[in-house]
Amino acid sequence: AQSVTQLDSHVSVSEGTPVLLRCNYSSSYSPSLFWYVQHPNKGLQLLLKYTSAATLVKGINGFEAEFKKSETSFHLTKPSAHMSDAAEYFCVGDGSQGNLIFGKGTKLSVKP
Amino acid sequence: EAQVTQNPRYLITVTGKKLTVTCSQNMNHEYMSWYRQDPGLGLRQIYYSMNVEVTDKGDVPEGYKVSRKEKRNFPLILESPSPNQTSLYFCASSLGLAGTSGGAGQETQYFGPGTRLLVL
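Throughout this document, residue positions are counted from 1 along each chain, in the order its sequence is written. A letter from A marks each chain and a number from 1 marks each ligand, given out in the order of writing. Reporting in this predicted model follows two pLDDT cut-offs: at least 70 for local features of residues, and 80 or more for side-chain atom pairs to be given and counted; totals over whole chains, interfaces and linings ignore these cut-offs and use all residues. Water and hydrogen atoms were dropped before computing side-chain values, which therefore reflect all heavy atoms in the structure.

Student: Let's hear about unusual backbone geometry: which residues, and what values?
Tutor: Residue proline 8 of chain B is bonded to the preceding asparagine 7 of chain B through a cis peptide linkage, with omega at -5 degrees. Within the secondary structure, proline 8 of chain B is located in the loop between strand S1 (4-7) and strand S2 (10-13). Of note in the backbone geometry, asparagine 61 of chain A takes a positive phi value of approximately 60 degrees without being a glycine. For the purposes of this entry, the term helix denotes a DSSP run of H or I that reaches at least four residues, the term strand denotes a run of E that reaches at least two, and both are numbered from the N terminus. Along the chain, asparagine 61 of chain A falls in the loop between strand S7 (56-58) and strand S8 (64-68). Even without glycine at this site, threonine 72 of chain A takes up a positive phi of about 45 degrees. Mapped onto the secondary structure, threonine 72 of chain A falls in the loop between S8 and strand S9 (73-78).

Student: Before we move on, can you summarise the sheet that holds S1 of chain B with the specific residues and values?
Tutor: Residue and element names in this part refer to chain B. Within the open sheet, the four strands sit side by side as S1-S3-S8-S7. Their pairing is antiparallel. Sheet topology places S1 and strand S7 (65-66) at the edges, where each strand pairs with a single neighbour. Any two strands with at least two DSSP bridges between them are considered paired. The sheet contact formed by S1 and strand S3 (residues 19-25) spans four bridges and is antiparallel. The residue of S3 that forms the bridge with valine 4 is glutamine 25.

Put into structure tokens, the structure is as follows:
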């Protein structure tokens, strides 16, 4: 991917409601795309990845993402938010140099 | 346990005093990388290495050096730190390069716990 754009810097939901974190990419080739999560004062953990197999990717902790080539999107969703989901989420694409291109992150807040 | 370790985890230093942040992985990964994370900017790659003695600049290499003398270690060196290098630093490793594995998962990067650096 040449670029990755996370459309929201901050998303706030209530516990038990759905989560949608939006990500768009641009790429001249078939990209690999990832979602990473960073909990406060912790390192990054891989949630899920898309590498040209199934377009609907299931990850850990009930998260999933759908690769939509027509919309150049890879949005992250979860049917029901938990308090423990509060964290920062990064959409990531593979660069042409074998490196990773990070989005700027979306902070997810979960209200009781 | 498979992991990426970084040391130190926290460091306060003064302008111009050389420092090294170590990074080590025990997964026999070929690809290692350093990132810095700053509020509102996400993670930006500083340097990466595709194998022993093979290193290259990332997006923000100015003011940093790296070396890859052994496969498991990839230290980040700040020869003359400045306040604009105050940041949170992450080391990462993977078996292969992103996008090259054909779905084999080799490109999954494993991140260290981070090093928080303050340069006064």
